Number of protein chains: 4
Amino acid sequence: MIRAAIVGGTGYTGVELLRLLANHPQVDLAVITSRSEAGMPVADMFPSLRGRVDLCFTEPDTKTLAACDVVFFATPHAVAMKSMDELLQHDVRVVDLSADFRVKDIPLWESWYGCKHEAPHWVDKAVYGLPEINREAMRTAQLVAAPGCYPTAVQLGYLPLLEAGIINPSDLIANCASGVSGAGKAAKVTSLYAECNEDFKAYGVPGHRHLPEIEQGLNGMTAEGVNLTFVPHLIPMTRGIHATLYATLTVDPSYDLQALFEQRYADEPYVDVLPAGSVPQTRTVRGSNYCRIAVERPQGRDKVVVMTAIDNLVKGASGQAIQAMNIMFGLDECAGLNVVPLSP
Amino acid sequence: MIRAAIVGGTGYTGVELLRLLANHPQVDLAVITSRSEAGMPVADMFPSLRGRVDLCFTEPDTKTLAACDVVFFATPHAVAMKSMDELLQHDVRVVDLSADFRVKDIPLWESWYGCKHEAPHWVDKAVYGLPEINREAMRTAQLVAAPGCYPTAVQLGYLPLLEAGIINPSDLIANCASGVSGAGKAAKVTSLYAECNEDFKAYGVPGHRHLPEIEQGLNGMTAEGVNLTFVPHLIPMTRGIHATLYATLTVDPSYDLQALFEQRYADEPYVDVLPAGSVPQTRTVRGSNYCRIAVERPQGRDKVVVMTAIDNLVKGASGQAIQAMNIMFGLDECAGLNVVPLSP
Amino acid sequence: MIRAAIVGGTGYTGVELLRLLANHPQVDLAVITSRSEAGMPVADMFPSLRGRVDLCFTEPDTKTLAACDVVFFATPHAVAMKSMDELLQHDVRVVDLSADFRVKDIPLWESWYGCKHEAPHWVDKAVYGLPEINREAMRTAQLVAAPGCYPTAVQLGYLPLLEAGIINPSDLIANCASGVSGAGKAAKVTSLYAECNEDFKAYGVPGHRHLPEIEQGLNGMTAEGVNLTFVPHLIPMTRGIHATLYATLTVDPSYDLQALFEQRYADEPYVDVLPAGSVPQTRTVRGSNYCRIAVERPQGRDKVVVMTAIDNLVKGASGQAIQAMNIMFGLDECAGLNVVPLSP
Amino acid sequence: MIRAAIVGGTGYTGVELLRLLANHPQVDLAVITSRSEAGMPVADMFPSLRGRVDLCFTEPDTKTLAACDVVFFATPHAVAMKSMDELLQHDVRVVDLSADFRVKDIPLWESWYGCKHEAPHWVDKAVYGLPEINREAMRTAQLVAAPGCYPTAVQLGYLPLLEAGIINPSDLIANCASGVSGAGKAAKVTSLYAECNEDFKAYGVPGHRHLPEIEQGLNGMTAEGVNLTFVPHLIPMTRGIHATLYATLTVDPSYDLQALFEQRYADEPYVDVLPAGSVPQTRTVRGSNYCRIAVERPQGRDKVVVMTAIDNLVKGASGQAIQAMNIMFGLDECAGLNVVPLSP
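Since the model is a prediction, treat every value here as computed from it, not as a measurement. Here the residue numbers are simple positions, counted from 1 along each chain's written sequence. Both sets of labels track the order of writing: A upward for chains, 1 upward for ligands. Owing to the predicted nature of the model, reporting of local features is limited to residues with pLDDT of at least 70; listing and counting of side-chain atom pairs is limited to 80 or more, with chain, interface and lining totals taken over all residues. Where side-chain values are given, they derive from all heavy atoms of the structure, hydrogens and water being excluded.

Colleague: How should the overall build of chain A be read in this particular structure?
Modeller: In DSSP terms, a helix is any run of H or I states spanning at least four residues, a strand is any run of E spanning at least two, and both are numbered starting from the N terminus. A tally of regular secondary structure across chain A gives 12 helices and 13 strands. Just to be clear, the radius of gyration here is over C-alpha atoms, and the globule rule we use is 2.2 Å times residues to the power 0.38. The globule rule puts the C-alpha radius of gyration for 344 residues at 20 Å, and the 20 Å found for chain A is close to it. Seen along its three principal axes, the alpha-carbon backbone of chain A occupies a region of about 60 × 45 × 40 Å. The cut-offs for exposure are 20% and 50% of the maximum accessible area for each residue type, with area from a 1.4 Å probe on protein chains only; residues under the lower value are buried, those over the upper are exposed, and the others partly exposed. Out of the 344 residues belonging to chain A, those deemed buried represent 66%. Note on areas: Shrake-Rupley with a 1.4 Å probe; residue coverage comes only from the protein chains shown. Carbon and sulfur atoms provide 49% of the accessible area of chain A, an area that totals close to 10600 Å². Only four residue types enter the charge count, namely Lys and Arg as positive and Asp and Glu as negative; His and the chain termini do not. One atom stands in for each charge, and that atom is NZ of Lys, CZ of Arg, CG of Asp or CD of Glu. Taken as two groups, the 27 positive and 38 negative side-chain charges of chain A have centres that lie 4 Å from each other.

This is the structure in structure tokens:
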């Protein structure tokens, strides 16, 4: 059994790790830390876990964490980076769900996150944990930076097109929308029920922190430089991310886009290319690690439209982190992730 | 492996059976019937099952069904009763999720359901499938009538009180509320999103079909006759039933209601008595087979308030049906039901 | 024109007063105060008011308030009481939307609200602003205590029954449910979208602050003492309160309950008794000052069920406050309140 | 007083016309027709109108309609066109909320709507009722074709940019999203609460019927031909349309886009250009005739992002139809449309 720890377990990605790990056949959940809630049984904060998770929150402590096989960081950005030097000198592996190790360009990261990076040397060593691109490198990584939710949805949608070189990479538009759980469990007026319900709006239009992460990922798929316009929106629902991706095709209408996508993802356990003419719905992935994708060329014109749907808390966060752990430890990649989506 | 069939698999209890059985370690889902959709892959109708359920809907056919070990009826009322004579002469067992075999008083059933009962002799033989009351009888039953959603939530709440004989049974009030999936997948104006969203209302106030089923169940818990006022309401959410139950206590305020409930349900895998001072929330049972319960005596006056929460499609339907099957076949009662609730 | 001021205009009852007063033909909205937002244009905080309300928030200041004809307090409890002595020595009239002057029994108020009452002498003089009961007294009141949201829904439902003396007042049960806007605009985890959506729960079961206000009101309708069990619930929607009220009838089934309600409310502009067999829906009152009511005697047994629906922010707060102002100033009682409910 | 009739009043645009006209100071609502509901009081179908609309539905009848000053058609497409010859020979004016007279290219209309146009000669005479473009022509029109919901949101967003000639018109992308009321009140499985709640999806990706209407409108704003990719999505909420519009700018970053929009709409009563840095939210227009707009140039790159928000049932349908009527009859353009948005 793999002994696992979670640092910062009181948020939505924390409870989601717990939900999934509680049913993981090869993981023994040993530690979950929270400075603010130390001593409280986890199931008191999350009654959905009653009878399934018996742990109490504890103070974070390097010695205890280092005695585990894997540590998940479900903390806000700029927290995990402070612990890496001390923690990673031990024989322990880390999956960081935060943004600390995703962006390789340190000054760029610092400009978007507004603080100095305290472990830049670990950024180089960190492997970006999108299995569909980096599976091999992940196997041996000591530190995996789990991708952000929007970056997962956008990269998986553009990947076949950019790899095939059949779109103009300088003119990409990613129109995305997320459920409110993406804003986390912090008590903010803008996340209140009465503020979000029956409302739809864009946010972060001048620039969202996921932009550099996405552009870095897309740049890795093509020799030419990409230029992305990325506009996220807030949907009045709890879970789910939907990306509608636009690009200008450089191939004629006879090109078989459907086949391209099906072949690219034929062996991927968590990317599901829908039949031609379908559209992905966030509710068909709810609670699961799937990314469902559809591709269209409306009216046979020169634009391609790719639509992807994931559960922002699973494939967009905790599920993908567990997928990473499974890969790192040579387990069945689907272990603990066999949840069938909850629909309706 | 147990070979299972589902009759009438296109509704919400059907897809829910599929979701749960897909992960059941001892069940081989062999047949799913639908007259209207015969030939269609199940996953085309329910994309949430893509990659998990490979069956196609087939025409219902007694021979095929009789070759299975267990048949679930997820049909509207007055359908299952027509098949019992033919089907149950074979060595097959049935769990009926509909209302056909729940009410023992045939004329009463006929007056509420507005049609003649075509298999009254099977009503007698059917075992009412609430494990918390009937577990022993269920083990050997050939036909189990799975309880309705409201009846489950109401009976589990009143059970300890009536068994203990500490309330006045002639003066019970069950104020219940259900998510919209309880109305099924039929295309009705009253179930439209724009009709249900941002709305709350009572329905069936003069009389709801679950009343005779509930009163029959409650009458079985006490020697005196019960009298129940039952008012269901519609909540703008998809899943979940919440019951708020009122009764007049015949014991003084020193009586330990919390202990009564905890002891009654100590060995029940799917009834969770919350700590004193808590309230059950439907989201803490979403997707799972749990019933969470809390009990209060407000202001130390003479009324007791019991609150129960279940997922109407799981403990209120398909999960309870699978729990019944597990009991009937001597399996681990929790097999296939280890889903951790999805929260948030 | 009546010059009006609002104290504490940044919450949901504040913006709702603004929405309604903006279209009031005889009111000039002169002042709106907020200590925290002084200087900010109201429409910056509430873009729904752009082009309709040009005021900026200002620091509260007695001189400015006293120069108005009417001052609305849309503050949390224990704020308005601190200003009454100074303010009411001037020729100004006050409608307090908070709980400060609703409960006549000062020690009872202090025990529920957990603080000392600082203006008990004004409690006596304050008129409880439920027009359906107190219209005459309101005309000449200098200080009106606008009723709470639940108390409005519950009192209007029991009023005809208690006045007619046809129920047992010692055995009342009010099962109520409110949209999340009732929790206000404060940033609390329990009011987050992802916490409230797809959830239903009771709260305040051991005792809710509206209980003494409701019992006081009901006691005023009957010579016998009432005993009420009051359980509020939270609905995943923004606006609306629904009350389901139970009582034991002392009249036989031939008694015409429908006629009783219709006659009692025949002249009330904002109480709408629905036709027999109907149920009130919160969406049919959304944004309006109406209270819709239906009454049933299920199965002809001895329980009566009354259902009422209001918009918690209108008839349950700001609309009723404006109705009070109209009465106090001898205006058409419906002035500014002609909003047709928004449905769907 | 203007005598008004509504043909086809049982859908959501019908009840919305009723809600608004009920408070219109110069309109006498005389007739509302419905073949299926003739004889039923309107308020029985729409209890939100109780006490405000006393009419009953009647059979449609040309003589009665022709005796009115204005007739609104709130019918599905291909209905209004059948009545125009007979009706418009009388001295009556028509506002058609359906798609029948919006698209000038008859074969194009026929190919998208799948039926023969039965009144092509009236298409020529019809004035497209977007006041921000066609106000003058509308004043004297006998027949106004009220724009579709998406076309309104998209055209108002692109109008300043195309008129100013500062974007490339051959490369437009309109990513739109609508609340579920846009799908109408027909009983369809895809519009059920349990199907739409907690879900987000695109639809009509290969081609949506509003595309030719939008492209026709945009083509009227520029000498060059436009090419639009239009992808609508369904939002789990009742009301509201949000458009996120993308285009490639041909001017450098110093160009003042904010000033362009503010100047273009300075005199428009229902187009509200938000301050720089804002985003429109659908809830800030709910129930009102406003279109709120914001414009951004993310990262100073070459893409412009315009966001517009309207209430699909008001500015996107019934409110805009009343605005048209006001213009046609020389009334105050805002008469009956002074509803302040309902927020929260």
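Colleague: Help me understand the side chain of histidine 117 of chain A in this model?
Modeller: Residues and elements named next belong to chain A. Along the chain, histidine 117 falls in the loop between helix H5 (106-113) and helix H6 (120-125). By the criterion applied in these results, polar contacts are pairs of N or O atoms within 3.5 Å in which, for protein atoms, one can donate a hydrogen and the other can accept it, and in which residues neighboring in sequence qualify only through two side-chain atoms. Among the polar contacts listed, one links the side chain of histidine 117 to the backbone oxygen of aspartate 100, at a separation of 2.7 Å. At 3.0 Å, the side chain of histidine 117 forms a polar contact with the backbone nitrogen of alanine 119. It only takes one pair of heavy atoms within 4.5 Å for two residues to be counted as in contact. When sequence neighbours within four positions are dropped, the list of residues in contact with histidine 117 reads Met81, Asp100, Phe101, Ile106, Trp109, Glu110 and Val123.

Colleague: Explain the relation of the copies chain A and chain D to me, please; I cannot follow it from the model alone.
Modeller: In this arrangement, two copies of a chain are superimposed by a rotation about an axis accompanied by a shift along the axis. It takes a turn of 180 degrees to lay chain A on chain D, together with a shift of 0.0 Å along the axis; the resulting RMSD is 0.0 Å. Within this description, the copies of the chain are treated as partners about a two-fold rotation axis. A share of 100% of interface residues in chain A that are also interface residues in chain D marks the association as one of identical surfaces. In superposing the copies, a least-squares fit is computed on C-alpha atoms, taking residues whose pLDDT is at least 70 in both.

Colleague: What is the right way to look at the domain arrangement of chain A in this model?
Modeller: The accessible area lost on association of the parts is a frequent measure of interface size. All names here are of chain A. Examined at the domain level, chain A breaks down into domain 1 (2-125) and domain 2 (150-312). Taken residue by residue, the interface counts 15 residues in domain 1 and 13 residues in domain 2. Here the buried area means the combined drop in accessible surface, using a 1.4 Å probe, for two parts upon being joined, counting both sides. For the pair domain 1 and domain 2, the summed buried area comes to about 1200 Å², and 54% of that belongs to carbon and sulfur atoms. For the domain 1 face of the interface with domain 2, the top three residues by lost area are Tyr12, Arg102 and Trp112, together amounting to 50%. When a carboxyl oxygen of Asp or Glu lies within 4 Å of a side-chain nitrogen of Lys or Arg, that pair is called a salt bridge. Scanning the region where domain 1 abuts domain 2 turns up two salt bridges. The shortest N-O distance in the salt bridge between glutamate 16 and arginine 239 comes to 2.7 Å. On inspection of domain 1 and its partner domain 2, the count reaches six residue pairs in polar contact (both at pLDDT 80 or more). Of all the secondary structure elements, the ones that give two or more residues to the side of domain 1 that touches domain 2 are helix H1 (12-21) and H5. Across the side of domain 1 that touches domain 2, the residue classes break down as seven nonpolar, three polar and five charged. Residue ranges for the domains originate in an automatic or database domain assignment. All amino acids are sorted into three groups, where Ala, Val, Leu, Ile, Met, Phe, Trp, Tyr, Cys and Pro are nonpolar, Asp, Glu, Lys and Arg are charged, and the leftover types, Gly among them, are polar.

Colleague: Would you explain the packing of aromatic side chains in this entry?
Modeller: Geometrically, a pair of aromatic rings is defined through the distance of the ring centres and the angle of the planes. Here a Phe, Tyr or Trp ring, Trp counted by its six-membered ring, pairs with any other such ring whose centre lies within 6.5 Å, and the pair is stacked when the planes are under 30 degrees apart, edge-to-face when over 60, and tilted otherwise. In this structure the tally under the stated criterion is 16 aromatic pairs over all chains. Where tyrosine 193 of chain B meets tyrosine 193 of chain D, the ring centres are 5.0 Å apart and the plane angle is 5 degrees; that geometry is what we call stacked. With one member in each of two chains, tyrosine 193 of chain B in helix H9 (residues 193-196) and tyrosine 193 of chain D in helix H9 (residues 193-196) form a pair that bridges those chains. Each member of the pair, tyrosine 193 of chain B as well as tyrosine 193 of chain D, carries the same accessibility label: buried. A cation over a ring is seen here: arginine 292 of chain A above tyrosine 290 of chain A, with NZ or CZ 4.8 Å from the ring centre. Residue placement shows arginine 93 of chain D over the ring face of phenylalanine 329 of chain D; its charged tip is 5.1 Å from the ring centre. Here, a charge over a ring means that NZ of Lys or CZ of Arg falls within 6 Å of the ring centre while also lying within 35 degrees of the ring normal.

Colleague: Would you mind showing me how to read unusual backbone geometry here?
Modeller: Working note: non-glycine residues mostly have negative phi, and peptide bonds are mostly trans. Residues serine 343 of chain A and proline 344 of chain A are joined by a peptide bond in cis, for which omega reads 5 degrees. Among the structural elements, proline 344 of chain A can be located in the segment after helix H12 (314-328). For alanine 78 of chain A, which is not glycine, the phi torsion reads 75 degrees and is therefore positive. Within the element layout of this structure, alanine 78 of chain A appears in the loop between strand E3 (70-73) and helix H4 (80-88). Backbone geometry at glutamine 299 of chain D places phi at a positive 60 degrees, although glycine is not the residue there. In this structure, glutamine 299 of chain D sits in the loop between strand E12 (291-296) and strand E13 (303-310). Look at glutamine 299 of chain D and you get partly exposed, because its relative accessible area is 39%.

Colleague: Which parts of the structure should I look at to understand the UniProt feature "active site" (unreviewed entry) in chain A?
Modeller: All names here are of chain A. UniProt positions are given in the numbering used here, feature names are shortened, and annotations may be inferred rather than shown by experiment. The UniProt record annotates "active site" (unreviewed entry) at Cys149. Structurally, the position occupied by cysteine 149 is in helix H8 (residues 149-164). What cysteine 149 contacts, discounting residues up to four positions off in sequence, is His210, Ile241, Ile310, Asn312 and Gly316.

Colleague: Help me understand the pairing of strand E9 (residues 228-234) of chain A in this model?
Modeller: Residue and element names in this part refer to chain A. Where burial is concerned, most of E9 is hidden: seven out of the seven residues are buried. Covered by surrounding structure in E9 are Leu228, Phe230, Pro232 and Leu234 together with Thr229, Val231 and His233, the residues of both alternating faces. Two strands pair if DSSP finds at least two bridges between them. Strand direction decides the pairing type here: strand E8 (residues 201-202) and E9, joined by two bridges, are antiparallel. By the bridge assignment, lysine 201 is partnered in E9 with leucine 234.

Colleague: Just checking my understanding: could you explain the environment of serine 111 of chain C for this structure?
Modeller: All names here are of chain C. As for its placement among the helices and strands, serine 111 is situated in helix H5 (residues 106-113). Sequence spacing of serine 111 and lysine 201 is 90 residues, and the spatial spacing of their C-alpha atoms is 25 Å. Among the polar contacts listed, one links the side chain of serine 111 to the backbone oxygen of leucine 108, at a separation of 2.8 Å.

Colleague: I'm lost on the UniProt feature "domain: Semialdehyde dehydrogenase NAD-binding" (unreviewed entry) in chain A in this one. Help?
Modeller: Within this numbering scheme, the UniProt entry marks residues 3-141 of chain A as carrying the feature "domain: Semialdehyde dehydrogenase NAD-binding" (unreviewed entry). Taken as a whole, residues 3-141 of chain A contains 37% helix and 16% strand, while its terminal C-alpha atoms sit 17 Å from one another.

Colleague: How should I be thinking about the environment of leucine 161 of chain B in this particular structure?
Modeller: All names here are of chain B. Mapped onto the secondary structure, leucine 161 falls in helix H8 (residues 149-164). When the C-alpha atoms of leucine 161 and valine 95 are compared, they prove to be 29 Å apart, with 66 residues separating the residues in sequence. Every residue in contact with leucine 161, bar those within four places of it in the chain, is listed here: Ile166, Ile167, Leu257, Leu260, Phe261, Val304 and Val306.

Colleague: Looking at this structure, how should I read the sheet that holds strand E4 (residues 93-96) of chain D?
Modeller: Within a sheet, each strand pairs with its neighbour through backbone hydrogen bonds, oriented either parallel or antiparallel. Residue and element names in this part refer to chain D. Taken together, six strands build an open sheet; the order of strands is E2-E1-E3-E4-E6-E5 and the sheet is parallel. The sheet terminates laterally at strand E2 (27-33) and strand E5 (127-128), the two strands that pair on one side only. One ladder, built from six bridges, connects strand E1 (residues 2-7) with E2; its direction is parallel. Along E2, the bridge assignment pairs isoleucine 6 with isoleucine 32.

Colleague: Whenever I open this one, the interface of chain A and chain D confuses me. Can you help?
Modeller: Listed by partner, the interface residues are 46 residues for chain A and 46 residues for chain D. Roughly 3900 Å² is buried in total at the junction of chain A and chain D, and carbon and sulfur atoms are behind 52% of that figure. At the junction of chain A with chain D, the criterion picks out eight salt bridges. Note that arginine 301 of chain D is salt-bridged to glutamate 215 of chain A, the shortest N-O span being 2.7 Å. Here chain A is connected to chain D by 30 residue pairs in polar contact (both at pLDDT 80 or more).

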